[in-house]
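Here's the letter readout for the chains.
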Amino acid sequence: MVFQLGASLLDACVLGVLSGGDAYGYTLTQRVKQVIDISESTLYPVLRRLQKDGYLTTYDEPIQGRNRRYYQITDSGREKFDYYCKEWKDFKTSIDGLLERN
């Protein structure tokens, strides 16, 4: 994609994935990477920040002798995601208005 990805849009994408259900780190990064060209080393600090801000929680599950860290959206995270969705719709409408050819 030629357009630069801002922190808020990346946060919205992560919260969007998690609004569909809990995910462990690897699966979450793969889902985001299907849409956005981003490295795992960029995404993990985003996850830590969203957790610090109270939008995500984590829990560990043992799978085949190893722990997987799962991320779960909080009620605050759902509210933030709803806010991002509204803002995205408004932004998209404005940009579409500029880019549409009459």
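Computed from a predicted model, the values in this text were never measured in an experiment.

Let's talk about the sheet that holds strand 3 (residues 66–73)
Turning to step 1, where the next piece is worked out: Taken in spatial order, the three strands line up as 1-3-2 in an open sheet, and their pairing is antiparallel. Both edges of this open sheet fall to strand 1 (23–24) and strand 2 (56–63), since each of them pairs with a single strand only.
Turning to step 2, where the next piece is worked out: Pairing of strand 2 with strand 3, which is carried by eight bridges, proceeds in the antiparallel orientation. Across the sheet, the residue bridging to proline 62 is asparagine 67, located in strand 3.

Re the state of the cysteines
Turning to step 1, where the next piece is worked out: Counted according to the given criterion, the structure contains zero disulfides.
Turning to step 2, where the next piece is worked out: Cysteine cysteine 13 shares no disulfide, and the gap to the nearest cysteine sulfur, in cysteine 85, comes to 9.9 Å.
Turning to step 3, where the next piece is worked out: The exposure class assigned to cysteine 13 is partly exposed, which follows from its relative accessible area of 26%.
Turning to step 4, where the next piece is worked out: Overall, cysteine 85 belongs to the partly exposed group, its relative accessible area being 28%.

Some thoughts on the pairing of strand 3
Turning to step 1, where the next piece is worked out: The sheet contact formed by strand 1 and strand 3 spans two bridges and is antiparallel. The residue bridging tyrosine 24 from the neighbouring strand is tyrosine 70, located in strand 3.
Turning to step 2, where the next piece is worked out: Between strand 2 and the antiparallel strand that follows it, strand 3, lie two residues; glutamine 64 among them carries a positive phi value of about 50°.

Describing the side chain of threonine 29
Turning to step 1, where the next piece is worked out: Position of threonine 29 among the secondary structure elements: in helix 2 (residues 25–33).
Turning to step 2, where the next piece is worked out: Overall, the relative accessible area of 0% leaves threonine 29 in the buried class.

A look at the packing of aromatic side chains
Turning to step 1, where the next piece is worked out: Scanning all chains against the criterion turns up four aromatic pairs.
Turning to step 2, where the next piece is worked out: Plain terms: the ring middles of tryptophan 88 and phenylalanine 91 are 5.9 Å apart, the flat faces sit at 45° to each other, and that makes the pair tilted. One end of the pair, tryptophan 88, and the other, phenylalanine 91, are both in helix 4 (residues 75–99), three residues apart, so they sit about a helical turn from each other.
Turning to step 3, where the next piece is worked out: Assessed through its relative accessible area of 48%, phenylalanine 91 is described here as partly exposed.

Conventions adopted
- Residues numbered from 1 in each chain as written.
- Predicted model: local features only at pLDDT ≥ 70, side-chain atom pairs only at ≥ 80, totals over all residues.
- Heavy atoms only, no water.
- Pairing = 2+ DSSP bridges.
- Helix = DSSP H or I, 4+ residues; strand = E, 2+ residues; numbered from the N terminus.
- Disulfide = S-S within 2.5 Å.
- Buried < 20%, exposed > 50% of the residue type's maximum accessible area, 1.4 Å probe, protein only.
- Phe/Tyr/Trp six-rings, centres within 6.5 Å; stacked < 30°, edge-to-face > 60°.

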